[in-house]
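# Observations on the model geometry
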Amino acid sequence: MAWNLQCLWRNYRLAQKMNIPIIVIPASGDNPVWLLVAKPVLAVLRFIFGDIDFVKYSNPGWESKAKYRMYEELGEAVIHVSPGHNWLYICNPDAINEVFRRHKEFDRHPELLAILAVFGPNISTATGADWQRQRKITSAPFSDSNNALLWDVSRQQASELVQHWLAASEPIRTTDEDTRTLSLHVLSGAGFGKQYSFHKKGEKAKAGHLYNYRDSIALVLENCVLILVLGPKLLGKLAKWRIFGPLAKIGQATIDFKDHMTTMLIEENQAIAEGRPRAATITNSLIRASEESRSSSKAGEGFKGLTEDEIYGNIFVYNFAGHDTTATTFSWALYLLAAFPDTQTWMAEEIMAVVGDRDLQSLDFKEVYPKLVRCLAIFYETVRLWNPVLGICKSTFLDPVDLTVGEQTFSIPPDTRIVLSTNGSQTLRRYWGDDSLEWKPRRWVLDSGTNSEETGEKGESLFVPARGSFFAWSDGVRTCPGKKFSQVEFVATMVALFRDYKVEVVPEKGETSFDARERVKRTVNDNGMVLLLQMRDPKSVGLKWSAR
Ligand code: HEM
C-alpha cells in the first residue's frame, strides 16, 4: 500500500511537470489484477463518491462511453496518473499524426502485448527491426490478388448464414455468435486454406486429435483470455485430466491447434522442396516468403526469414487480430441496420443498382467492389463510433520526448504510455459536427450529382476525413495489415445479406416497433471490455430476416 502511494506520488510529480490536466486513477489500465477486480471495487467507490473522475475514468472501456467529452471539457491532452504507469491521452488530430510519423520515438511498448506471444513471438509483440522483418513477410499475403478469393468465401458464408436465419422460427438472438462463425470461416477459408460450411461440416478430427483445425482455433479464440493468462503449456498438461472438464478441453484444443499448424508447415515445406505451386493462403505465404527471404539473404546480412516459433506466433496472432475485431463490428452493424430501416433501404438500393439480378456467384469482385460505396460507408461509420480497439497505444522509452498539442509543447517523461484516442478524435465536433455521436453512414458518401449514362449507377464516392480524425485501423507504419481484408469481407457480406433480404427488430411483448428499435440503440451502446470492446447483452435483442 505504502509502496503504491509512493509510486503514485512519484508519477504525479512527473505529470505535474507537463502542465496539462491530470486525473488520478487507482490503477494502471494494463494491470491484470485491476482488470479482474475493477467491477466490484468501482461499484463500491461509485456508491460512496458518486461518478467522480477517479471512478469514471478507471472503468475499463470508459473511452467508448466518454467519446470526445473528456477532451472537450479538459483539453486535447490529458494525463491519467496511476501507481503503475502514467497514461497520456491525446485527441488532437495534428498531434496524433505527429506521433504516427515519429514512430521511432513513439512505438508500441513490448510489455503491452507480450501476453499475445502464447504460441510464439509475432508481429504484435515485436518492435524495431524484429517487427519490420515480420511485418514485411506477414503482410505479403494481403495483396489485391487474394481479394477475389476472399470476396467469394465471404459471399458464400453470408449466403449460408442468411438461409440459416430465414429458417429460424423464433427471433434470432444469436447474431453475435453467428457473426463470429462467419468471421472464423472467412478467415479459415480465405486466409488459411481451410473451407467450412456455415453449419460446420468440416473434416473429421485426425487420429490422435479431438478437434479439427476449425474447432481447435474456434475454442482457442473463444477462450483467449484464459489461454493468455494460464498459458498453453499449463492448459496442455490439464488436457490429460478429465476431472478438469472444460479446462481439459481447452487444453486439448491448444495442443490440436499447434499440431495443425505443424502439419501445415510440414506440408508447405514439402511442396516447396518438390517445386509444387500452392494456394496463396496466409500460412503458405508466410512459410514461402520466410523461406525465400532466408535463402536470398547474403552471408552476414542477418536473419531475414521467420523462425518456426514466429510462424506459429503469427498464424495465431493473425487469427486473433482478424477474428473478434471483424465479428463484433459486423454484429454492431447488423443491429444498427435493423434499428435504422431507412439506412438499410438506402444501402440495399445501392446493391440493387450495382449488382441487379445477377447471380451473386458470377460477380466480378474487381468490377463491383469499388462501386459499393454505401456498403463501405456503413462499415466506416460503425467503426468510427464502435471500434473494438479502444485506442492506439504507444510509449516513450528511455528518453523524454517533446510533443506539441494545439498551442502547447511539453516534454513527455520516459516510460509514459500514450493513447491516441480513436473514440475521442473520431467524434470531435469540430471535425464531425454536432451530430458526431449519431450513427449516420450518409456522412461518408459524397454525391457527384451525376448518374452514369451507361449504367444509370449513382456517381457517389467516399468522403476522406482529415488525417488524424479517423484512424479506426490505426495509421502510419503499424497500420492494420488486415484493413482491406475486413472491408472486402464486410462489403461481400452486405451484398449477400441485403440484396434479397431485410432484417428487422422483433418487439418484445407489449413493445411498439419504435420502442424495440430504441432498445436496440441502447443495447449497442452498452459495451464492456473483454479483450476488445463488445456488447454486454446482444442476446436481449431478437432479429427477424425475411425476403425484401
Ligand atoms: C473491423 C476490423 C478491424 C479493425 C477495426 C482493426 C483494427 C486494428 C488496429 C486499430 C490495429 C492497431 C493496434 C495497435 O496499434 O494497438 C490493428 C493491428 C493489426 N491488425 Fe487489425 N483490425 C481489423 C481487422 C483485421 C483483420 C481482418 C486482420 C487479419 C486478417 C487484422 C490483423 C491485424 C494485425 C496482424 C495487426 C498488428 C499489426 C502490427 O502490429 O504491425 N486486423 N488492427
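Treat the numbers as computed from the prediction; the structure is a model and nothing was measured.

A few words on the overall build of the protein chain. Looking only at helices and strands, one finds 23 helices and 13 strands in the protein chain. A compact globule built from 548 residues should have a C-alpha radius of gyration of about 24 Å, and the protein chain, at 24 Å, falls within 12% of that. Taken along its principal axes, the extent of the C-alpha atoms in the protein chain is 65 × 60 × 55 Å. Looking at the protein chain residue by residue over its 548 residues, the buried ones come to 44%.

Our focus in this paragraph is the packing of helix H19 (residues 373-385) against helix H22 (residues 483-498). A pair of packed helices can be characterised by two numbers: the angle between their axes and the separation between those axes. Orientation of H19 relative to H22, taken along the N-to-C sense of each, is 120°, at an axis distance of 9 Å. In terms of their interaxial angle, H19 and H22 are classed as oblique. H19 and H22 meet at a crossing whose hand is right-handed. For the pair formed by H19 and H22, the contact residues are Cys-375, Leu-376, Ile-378 and Phe-379 on the first element and Gln-487, Phe-490, Val-491, Met-494 and Val-495 on the second.

Turning our attention to the UniProt feature "binding site: heme" (unreviewed entry) in the protein chain. Within this numbering scheme, the UniProt entry marks Cys-480 as carrying the feature "binding site: heme" (unreviewed entry). Position of Cys-480 relative to the elements: it lies in the loop between strand E9 (458-462) and H22. Residue class for Cys-480 comes out partly exposed when judged on the 18 C-beta atoms lying within 10 Å of it. Beyond its immediate chain neighbours, meaning those up to four positions away, Cys-480 contacts Trp-473 and Ser-474.

Okay, the sheet that holds strand E1 (residues 22-24) next. Spatial strand order, E1-E2-E3-E7-E4: 5 strands in an open sheet with mixed pairing. Since the sheet does not close on itself, it has two edges, and those belong to E1 and strand E4 (391-395), each with one partner. The sheet shows a mean angle of 25° between the axes of neighbouring strands, direction not considered.

When its domains are assigned, the protein chain resolves into domain 1 (2-114 + 392-419) and domain 2 (323-390 + 439-547). The interface is formed by 13 residues belonging to domain 1 together with 15 residues belonging to domain 2. Contributions of two or more residues to the side of domain 1 that touches domain 2 are made by helix H4 (62-66) and helix H6 (93-101). For the side of domain 1 that touches domain 2, the element with the most residues is H6, which contributes 6 residues. Grouping the amino acids of the side of domain 1 that touches domain 2 by side-chain chemistry returns 5 nonpolar, 4 polar and 4 charged.

For the rest of this paragraph, the subject is the site of the ligand. Surrounding the ligand, one finds 26 residues, the nearest of these being Ala-321, Gly-322, Cys-480, Gly-482 and Ser-486. For the shell around the ligand, the secondary-structure elements that each account for two or more residues are helix H16 (308-339), E4 and H22. Looking at which element gives the most residues to the shell around the ligand, the answer is H16, with 7 residues. Partitioning the shell around the ligand into residue classes produces 13 nonpolar, 10 polar and 3 charged. Residue assignment places the shell around the ligand across two domains, with domain 1 (2-114 + 392-419) and domain 2 (323-390 + 439-547) each supplying three or more.

The subject of this paragraph is the packing of H16 against H22. Contact geometry of H16 with H22 gives a least axis separation of 11 Å together with a crossing angle of 35°. For the pair H16 and H22, the sense of crossing is right-handed. Side by side, H16 and H22 meet where Gly-322, Thr-325, Thr-326 and Phe-330 of the first sit next to Phe-485, Ser-486, Glu-489, Phe-490 and Thr-493 of the second. For the contact of H16 with H22, the per-class residue count stands at 3 nonpolar, 5 polar and 1 charged.

This paragraph deals with the environment of Ala-253. Residue position: Ala-253 is located in helix H14 (residues 246-274). Given 27 C-beta atoms within a 10 Å radius, Ala-253 is considered buried. With sequence-adjacent residues up to four places away left out, Ala-253 is seen in contact with Tyr-211, Ser-216, Leu-219 and Val-220.

This brings us to the confidence of the model for the protein chain. In this model, the protein chain carries a mean pLDDT of 89, and residues with pLDDT of at least 70 account for 95%. Across the interfaces of the predicted complex, the ipTM metric reaches 0.99, alongside a pTM of 0.92.

If you look at the biggest cluster of nonpolar residues, it comprises 129 residues, and the most contacted ones within it are Ile-90, Tyr-335, Ala-338, Cys-375, Val-491 and Met-494. The greatest single-element share of this core, amounting to 18 residues, is contributed by H16. Taken domain by domain, the makeup of this core includes at least three residues from each of domain 1 (2-114 + 392-419) and domain 2 (323-390 + 439-547). Sequence-distant contacts of Tyr-335, that is, excluding residues within four places in its chain, are made with Thr-175, Val-520, Thr-523, Val-524 and Val-541.

Assignment of secondary structure puts Glu-222 in helix H11 (residues 213-222). Sequence spacing of Glu-222 and Arg-180 is 42 residues, and the spatial spacing of their C-alpha atoms is 9.5 Å.

On to helix H23 (residues 513-525). With 13 residues, H23 should reach 18 Å at 1.5 Å per residue; the first-to-last C-alpha distance of 19 Å fits that figure. Within H23, the full set of buried residues consists of Val-520, Thr-523 and Val-524. Taken around the axis of H23, the buried residues stretch over an arc of 90°, which confines them to a single face. Exposed residues pointing more than 90 degrees away from the buried face of H23 are listed as Phe-514, Asp-515 and Arg-522.

Within the fold, Gln-134 resides in helix H8 (residues 128-138). Through-space distance from the C-alpha of Gln-134 to that of Glu-310 is 8.3 Å; in sequence the pair is 176 residues apart. Excluding residues that lie within four positions of it along the chain, Gln-134 makes contacts with Asn-122, Ile-123, Ala-126, Leu-306, Glu-310 and Asn-314.

Conventions adopted
- Residues numbered from 1 in each chain as written.
- Predicted model: local features only at pLDDT ≥ 70, side-chain atom pairs only at ≥ 80, totals over all residues.
- Helix = DSSP H or I, 4+ residues; strand = E, 2+ residues; numbered from the N terminus.
- Rg over C-alpha atoms; globule rule 2.2 N^0.38 Å.
- Buried ≥ 20, exposed ≤ 12 C-beta atoms within 10 Å, placed from the backbone.
- Axes fitted to C-alpha atoms, helices over the stretch in contact; angles between N-to-C directions.
- Parallel < 35°, antiparallel > 145°, perpendicular 65-115°, else oblique.
- Left-handed = near helix turned anticlockwise from the far one by under 90°.
- Contact = placed C-beta atoms within 7 Å.
- UniProt positions renumbered as here; feature names shortened; annotations may be inferred.
- Pairing = 2+ DSSP bridges.
- Domains from an automatic or database assignment.
- Nonpolar A, V, L, I, M, F, W, Y, C, P; charged D, E, K, R; others polar.
- Near = placed C-beta within 6 Å.
- pLDDT = per-residue confidence, 0-100.
- Core = buried A, V, L, I, M, F, W, Y, C linked by C-beta atoms within 7 Å.
- Expected span 1.5 Å × (residues − 1).
- Arc of directions from axis to C-beta.

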